Amino acid sequence: MGKSQLTTLCYIEKEDAYLMMHRIKKENDINKDKWIGVGGHFEKEESPEECLLREVKEETGLTLTSWKFRGIITFITDTWQTEYMCLYTADAFEGELISCDEGELEWVKKKDLKYKNLWEGDDIFLKLLEEQVPFFSLKLCYQGDKLIECVLNGKKYLL
């Protein structure tokens, strides 16, 4: 079995900032040069929370002590398989940051995220998180790096 098409993504919050990863270390990285939250692919028989906690610990050295499941993101592209991503925010953790072999970790003020190289759709779900939208389902369709369609809770979302 190849990598699971189920993933987690977490935005860890501290002092009005998110812990972001600048993906500049891996070859052949679909997220190359992008700024994203932390997370990754489910391993065999993992629940979303088990994946979340393991991935955050592996990538950051932090142990989450408070988190919330915020939504499900369906990523469709013309370059890789459809991915279903469990989106979380976390507001409490223990431990010290470690260096990560997938990218550079940095606390980025929420107001400064718009100046970073994000996926277009990330702007949409970051806005939904900021607005405290209840649990949502977001479908993002890409051609290459270009977002061509967005559907929020089953309804077309104007880009």
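Below is a short write-up of the structure. (Residues numbered from 1 in each chain as written. Predicted model: local features only at pLDDT ≥ 70, side-chain atom pairs only at ≥ 80, totals over all residues. Heavy atoms only, no water.)

### Observations regarding the environment of Ala-17
For clarity, the cut-off: Secondary structure elements follow DSSP: runs of H or I of four or more residues count as helices, runs of E of two or more count as strands, with numbering from the N terminus. The rule is simple: take the accessible area with a 1.4 Å probe, protein chains only, and divide by the maximum for that residue type; under 20% is buried, over 50% is exposed, in between is partly exposed. Throughout, a contact is declared for two residues whenever any of their heavy atoms are within 4.5 Å.
Examined against the element boundaries, Ala-17 turns out to sit in strand S2 (residues 17-22). The buried category is assigned to Ala-17, whose relative accessible area is 5%. Separated by 103 residues in sequence, Ala-17 and Glu-120 place their C-alpha atoms 19 Å apart. If near-sequence neighbours (up to four positions away) are discounted, Ala-17 is found in contact with Ile-12, Trp-107, Val-108, Lys-109 and Lys-110.

### So, the pairing of strand S5 (residues 63-77)
Note the cut-off: DSSP calls a pair of strands paired once it identifies at least 2 bridges connecting them.
Sheet topology places S5 next to strand S6 (residues 83-94); 11 bridges connect them, and they run antiparallel. For Leu-64, the partnering residue across the bridge sits in S6 and is Phe-93. Between S5 and S6, which pair antiparallel in sequence order, lie five residues. Bridge analysis of S5 against strand S8 (residues 136-143) gives seven bridges, and the strand direction is parallel. Bridge assignment links Phe-75 to a residue of S8, and that residue is Leu-140.

The values reported here are purely geometric and, on their own, carry no functional implication.
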